[in-house]
Amino acid sequence: MAKARKPAKNEGTKPEISMAVVLHQKICLSIDMDNRRIYGYTELEILVPDSGIVGLHAENLEIERVSVDGSPTEFDVFPHYQPVEIENRWCSVSSVSSAADAAGATYLSALQRELVPNLLILCCKSAEPAQPPEAGLDFQGEEQSNAEPKKNVRLVRIDYWVPKAETGIHFDDNVLHTDNQIRRAHCWFPCMDDCSQRCCYDMEFTVPQNFVAVSNGSLLYQVLTKEVPPRKTYVYKLTIPVSARWISLAVAPFEILPDSHNSLLSYMCLPDNYSKLQNTVGFFHCAFRHYESYLKGPFPFGSYKQVFIPSGMVISAQNIGASMCIISSEVLFDEKVIDQTIETRIRLANALARQWFGVYITPETHNDEWLVEGLAGFLTDTFIKEFLGNNEARYRRYKANCAVCKADDSGVMTLSSSASSKDLYGTQLIGLYRRLRLWKSVAVLQMLEKQMGPDLFKGILRTIVSRAQDTSRSSRTLSTKEFRQFANKFGNLERPFLKEFFHRWVGTCGCPLMRMGFSYNKRKNLVELAAFRECTATPIAVVPAPAGSLDSQNRDSDGGWPGMMTIKVHELDGTHDHLLPMSGDAWQLLEIKCHSRLAAKRFQKPKKSSKPEGSDDNGDSARPFDMRISAESPLLWLRADPVMEYLAEIHFNQPVQMWINQLEKDKDVVAQAQAVAILELLPNFPFAVVNVLNNFITDTKAFWRLRIEAAFALAKTASEETDWAGMLHLVKFYKSKRFDTTIGLPKPNDFHDFVEYFVLEAIPQAIATVRTTDKKSPKEAVELVLQLLKSNDNTSNPYSDVFWLSALVDAVGELEFGRQSILLLPSFLKRIDRILQFERLMPSYNNILAISCIRTLTRIALKLSEYIPLERATELIMPFLFFNASWEIRIEARIALLDLEFYCKGIDAALLMFIKYLEDEASLRGQAKLGLHLTRLCQIRTRLGSDDEVKSQTLVALLRLLEGPAAFCNVSLRHHIFCILQVLAGRHPTLYGIPRVETQHIGFSEICSEQRNNLIELVNNQDKPSELSAETNSHVSLPVPEAPNEPDNVSHGSLPVPEAPTEPDNVIDSHGSVPVPEAPNRPDNASHGSLPALEAPKEQDNVNHGSLPVPEALKEADNVSPGEGRRLPLVKITVKQPTVSGRADEAADNLTVERSHGGCNEIDLVTTSSLSVDAPERILAEAMSVSNQNLGEVNSCNRHGSQMSASVGSAKFTREFGDGGGKELQCTADSSNIIAKDVHVHGHATLSLGSASPPPRVHGEEEKVKKRGTEKKRKRDRSSPGYLEKKRLKKERKKEKERAKLLAESQLESELLKLDDSSAELLHKMNEPVVVTTGTVRPEPMGITDPTPLNQPSASTAPPGVRSGHKLRIKIKSRTVDKP
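Not measured: the values here are computed from a predicted model. (Residues numbered from 1 in each chain as written. Predicted model: local features only at pLDDT ≥ 70, side-chain atom pairs only at ≥ 80, totals over all residues. Heavy atoms only, no water.)

### Quick look at the overall build of the protein
Within the protein, the secondary structure is distributed over 37 helices and 40 strands. Split into buried and exposed, the 1380 residues of the protein put 52% on the buried side. Within the protein, contacts between residues separated by at least 24 positions form 76% of all contacts whose residues are at least 6 apart in sequence. For the protein, the exposed surface amounts to about 66100 Å²; the carbon and sulfur share of it is 51%. (Helix = DSSP H or I, 4+ residues; strand = E, 2+ residues; numbered from the N terminus. Buried < 20%, exposed > 50% of the residue type's maximum accessible area, 1.4 Å probe, protein only. Contact = heavy atoms within 4.5 Å. Areas by Shrake-Rupley, 256 points an atom, 1.4 Å probe, with all protein chains shown as cover.)

### Looking at the side chain of glutamate 901
Among the secondary structure elements, glutamate 901 is positioned in helix H24 (residues 887–905). For glutamate 901, a relative accessible area of 11% translates into the label buried.

### Digging into a positive patch on the surface
A surface patch of positive charge is lined by Lys1287, Lys1291, Lys1295 and Arg1299. In this structure, lysine 1291 sits in helix H36 (residues 1281–1312). (Patch = residues over 30% accessible without salt bridge, like charges linked within 9 Å, V, L, I, M, F, W, Y side chains within 5 Å. Salt bridge = Lys/Arg side-chain N within 4 Å of Asp/Glu carboxyl O. Lys, Arg positive; Asp, Glu negative; His and termini not counted. Charge placed at Lys NZ, Arg CZ, Asp CG, Glu CD.)

### Let's talk about the sheet that holds strand E16 (residues 255–258)
Pairing is mixed in the open sheet, where five strands are placed in the order E16-E17-E18-E20-E19. Unpaired on one side and paired on the other, E16 and strand E19 (318–321) mark the two borders of the sheet. Ignoring strand direction, the axes of neighbouring strands in this sheet form an average angle of 15°. Relative to strand E20 (residues 324–328), strand E18 (residues 304–309) runs parallel, the two being bridged by five bridges. When the bridges of E20 are listed, valine 307 appears paired with isoleucine 326. In the packing of helix H4 (residues 284–295) onto the sheet, the strands contacted are strand E17 (265–269) and E18, and the crossing angle to E17 comes to about 140°. (Pairing = 2+ DSSP bridges. Axes fitted to C-alpha atoms, helices over the stretch in contact; angles between N-to-C directions.)

### A short note on the confidence of the model for the protein
Averaged over every residue, the pLDDT of the protein is 75; the share at 70 or more is 66%. Per-residue pLDDT stays below 50 along residues 1322–1368; that stretch engages in 105 contacts with residues further than four places along the chain or on separate chains. (pLDDT = per-residue confidence, 0-100.)

### A look at the pattern of salt bridges
Going through the model one piece at a time under the given rule, you end up with 36 salt bridges. Across the salt bridge formed by aspartate 381 and arginine 397, the nearest N and O atoms sit 3.2 Å from each other. Of the two residues, aspartate 381 is situated in helix H6 (residues 369–387) and arginine 397 in helix H7 (residues 390–407); the sequence distance between them amounts to 16 residues. On the basis of relative accessibility, which here comes to 14%, the residue aspartate 381 falls in the buried class. In this structure, glutamate 392 engages arginine 396 in a salt bridge whose closest nitrogen and oxygen atoms are separated by 2.8 Å. Note that glutamate 392 and arginine 396 are positioned in helix H7 at a spacing of four residues, about one turn of the helix.

### Description of the packing of aromatic side chains
Counted according to the given criterion, the structure contains 34 aromatic pairs. Between the NZ or CZ atom of arginine 245 and the centre of the ring of tryptophan 246, over which it lies, the distance is 4.2 Å. The ring of phenylalanine 739 is capped by lysine 735, whose NZ or CZ atom sits 5.5 Å from the centre of that ring. (Phe/Tyr/Trp six-rings, centres within 6.5 Å; stacked < 30°, edge-to-face > 60°. Lys NZ or Arg CZ within 6 Å of the ring centre and 35° of its normal.)

Right, dumping it as structure tokens:
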């Protein structure tokens, strides 16, 4: 008979709602553009939690009033950002390492504080119990059943205004726009700024009549107000629930351009850019239609709006919002600009793809963000392949894979793990690793597409979109687990393969590093291919899957990767594929049978008079070695992973002739790119390499990007050994296209052939990279670049020559001037000055020419620093700080001055200049660019191995900047400042791996329960609002440790932390951070300045503090709270004499400890002093051993009258002492009474202080626990492997303790044998009585200092009516010693 099912743990009980859920939100704002003021209100339909406290996010807002269901209510606001004004806050920062630690602690503390709701609203709890969220609605704010009534749902209205639009929302000239960055949406409207909270929105924005307000959703209507002058109100409605980060707003006198092909699309920009807008977005309807066709579904938001604002106003290049996108106007271009077209189309297509994956379909958890970002990038790649060509898509993917393989060497590149996703608090979306993680995500998805086929993978994406559009489903999230199930169900991939695939590519870091070589066996007609597999990441960086996950099985980190890699062999008779296993042994030997056979003929050497075809007069042009390989082998070339099935770094070793064959005959752009890269890195360049590169450049059918790479490779081959053949080929090709042969001068510009335009634009820069033996540019190259600058004529060209001329100016910066070419430098400077004069009158497109001139002048000044002083170079750049009032030119000039300061004076001077520039720079995007550039300078310093020291004052200034208001308003700048400090310390520029300070993880329910009492007290005590606010604020803010690596400097409230008996470095948990003491009983007693603590665990022995021993005294030091009685010490002193038999050990086990039990609510009005034991100094000095008693056997109690004990054990001598040889002394210090007795202690005594232990059990509790444990042990399956393993480990630990005890005793006896006859005098002194007095315990040999003051009153001097401060109980027990 089947057993009855046990009821679930929470079955039959209604689940508690611990966190508020926003069901719907309405935003009504009135915007005053003249006074730059925003005021209005927001209404939220909220499911109130059981605590009755609603927590929202609101920062930088002035809350005027809050009402619940129309009735005013109490609320409190606790700002996330509060300036810290402490003079010696960073006094412990003295090196880059300590500064990096402090930066990590400060940055993490700020990110953690921003997660906590800081606007707490008191909502009266309804009489009816709350409706379980599973029945009526989900936590995304979507109703599941309209028939069931909503219970405990309140309408909360918040009236507010924005005093300063500094972050989240910005005023720039006549434009207002939002940029929510990372958790900055609550800086312009109160909300639940959390990705897990989603709801629908109604929005109303009142603006001046000539302005247009653009926001999310569909525009319902616009109406004029009755004000004078009249204003206009725009009403929007967003019916699809989204999180607050996707709410956007843009207000300006926009010009609106509706799409002529699709009525759902509309574009807005300022009037000056309207003509550019018409030319730029002409293609966009094709991308929109392509996505709908590929996903087989309509656009989810109904309409889509693209808003273009000036580039100096935006913080990021594009700000994504639901059904809209705010983009910088720098991507707009007119019909004359050629170079900007490709990048603009890709950027706009990517912004549209993120509407599907990112805004509409969201990740389920932080660990699933890689999947949504990767799907958006994958969708963008389909657009590139469709409209820009397969060559462009494969070339971009190959370059991205190469960058990922070089950077994927640490755990920060792990796509799905808490350490690299959730614990980074969204900072993985900014900084240097953002693009690399995106590229890796797309590469992983493309590998899956290769495994299952493009059609099946397209079916998975369509299934995901159709499932999200199903109205019966309440969630539109996507998880990695669900995607893996789709791959198994629709992609026909086996579960074991998918399990290993996601573990290796998603759950861990590192890419395959393959080293391959081969040899041809002519007799057997086969190829012996040797392959050695490595990983780009170190074994330490490869983090295993967390316990409890789907991939938590034990795996070998060197087990390889799932699947087989294709080896393509190109032979004379065709191409054949072979498979190489990617798992198993790292060394593999693969025998490949060749299908082609050569005719049996002997190799004949060429005659002396004959020359190979394509060679010049040099006899070394064709070497017999290359010809012999091609004549005696049927192999043309070999390729590994030709279709990029793996994200792998492959080093394939094959003869030069095979690389030449691959470049000439393989039509794949990836194969050609690999061949060009290998030929460029050759130590010497035969003429065959020069010729093949030249032929490839002149081939108009080749991909234009690869032709540019071949031009730079050909320039590198130019040297005296090759008679400058590479440079001569480049000059000849360029003149054949651009020069008039009759007059020998350049022709007027003609850019009708775009492919030739791109190739010819890059050739002058390639020629400028040619170097002679003295590392200088040839005079011919210098003269050619100067001639092109002088003769540039664009009068009859319908296209702009801005990028063309900019490339020529950049070529000047590539030149290295020698003794002869230095005479031409004034001519170059004159031409550059002329270009700048034109820039002042007619600025070029995006000020590209001015930026190129500044970069070139900076490079010339650095190269000629021996001849041009720094002051003179600075004078050349300084005027550009105020050039044309353009932020691009201003930032470029500051970057140039930072470079000059760095290379001439060092990193410290550059950091000081960077801090100064940040104070003067008003553009948030410019601040972020300066921070990014300085991070790169710090990386250059690390690569160069520079020993420039950074002063402590500079480090402190950076730390103050990190926690300052500028960093709070600009999230990107704050991250870059943190990265600068990390790179200076030689670390990775990321939060990954930063030690976390162990703080209590406070849930929202705990915060609400704590704040609810405060708000109720606020209602009852209206006359003390300030005190309550200050007290409540102390429970919300997180502590910011000053120096994480120095535990003594970490402050936990107002109580001092006593020093640990051991070194401070040992007090570190498993994460490398300082553990924060926890309140043992009540969270109400948490010290001010820290978060309210959760309930302490019942058994503190189960708390894991890492592998290192943590003294219990340090753990319990902060447990004293103002509301409790002071804990009193208990000192236990044990005196032991030498033993002959084991009866002394038995007596030691019979030790008993008396405990005094005071009242729990008693308060000791007299500060208690501790106990001191006076012993002869010689005894303390000569006693080098500590008793074998367990140092943890010390009892403390949370009540009045608690005790602390210390034991004194005797040394063991070889002499005999009588029957009274062993005595045990126990002293108990209590706050109630003092009992002093004279005790005579015989023998050599040592003092040892134990540490505090968990609270004692209540009377009778031990027996109950023991009985309960016996029952559990009896029910346990003793045959289980886990139980047997635990039992074995327990026995081993017991044996290790016994061996350690015996070893200590043997060492002690060996030391005592060395004592001389002066022992008698020592024994005589030991017979003196030990005087017990009041004072302070001074166990100097142990190095422990009791924090109790010395000047405390004794019992005899206590005032009348006050309880005395001590209680001593001394118990002497004799120990029997057997004589031999």
